[in-house]
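Secondary and tertiary structure notes
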Amino acid sequence: MKKRAAKFILALTTLSAIIWIIGELLIGEFINNWWVSVAWAVLVLVGCCTYSLIFCPRAPYSDKNDAHKED
């Protein structure tokens, strides 16, 4: 795993945990409903995975023939 990808994953995980905790605190304070809390947790998890799949830095695609060539 590249250093850039590891930094991206750690930053995304930290940010999603902060968003989830703030949402849980607000739900507990104002709504106080268990189902809303579960829906919020699922929404944050799906959003984090979707964002990661779309924007995670990847190694450039190379053809099988290009993998054995040296510059």
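In what follows, the structure referred to is the one given above.
This structure is a prediction, so every number in the text was calculated from the model and none was measured.

Topic: the environment of Ser 37
Mapping Ser 37 onto the fold places it in helix α2 (residues 34-55). Exposure remark for Ser 37: the relative accessible area of 18% places this residue in the buried category. Residues Ser 37 and Glu 24, 13 residues apart in the sequence, show an inter-C-alpha distance of 6.5 Å. Ser 37 has contacts with Glu 24 and Ile 27, leaving out every residue within four places of it along the chain. Side chain to side chain, Ser 37 and Glu 24 meet in a polar contact 2.7 Å long.

Structural notes on unusual backbone geometry
Positive phi, close to 55 degrees, is recorded for Asn 32, a residue that is not glycine. Looking at where Asn 32 falls in the secondary structure, it is placed in the loop between α1 (3-31) and α2. Judged by its relative accessible area of 65%, Asn 32 falls in the exposed class.

A word on the packing of aromatic side chains
Here the structure, examined in full by the defined rule, presents three aromatic pairs. On the numbers, 6.2 Å between centres and 15 degrees between planes, the contact of Phe 8 with Tyr 51 is stacked. Separated by 43 residues along the polypeptide, Phe 8 in helix α1 and Tyr 51 in helix α2 bring together distant segments of the chain. Relative accessible area serves as the criterion here: at 40%, Tyr 51 is assigned to the partly exposed category. Look at Trp 34 and Trp 35: their rings are 4.8 Å apart centre to centre, the planes differ by 80 degrees, and that puts the pair in the edge-to-face class. Judged by relative accessible area, Trp 35 falls into the exposed class, the value being 62%. Members of the aromatic cluster, each reached through a chain of ring pairs, are Phe 8, Tyr 51 and Phe 55.

About the thresholds
- Residues numbered from 1 in each chain as written.
- Predicted model: local features only at pLDDT ≥ 70, side-chain atom pairs only at ≥ 80, totals over all residues.
- Heavy atoms only, no water.
- Helix = DSSP H or I, 4+ residues; strand = E, 2+ residues; numbered from the N terminus.
- Buried < 20%, exposed > 50% of the residue type's maximum accessible area, 1.4 Å probe, protein only.
- Contact = heavy atoms within 4.5 Å.
- Polar contact = N/O pair within 3.5 Å; in protein donor to acceptor, adjacent residues only side chain to side chain.
- Phe/Tyr/Trp six-rings, centres within 6.5 Å; stacked < 30°, edge-to-face > 60°.

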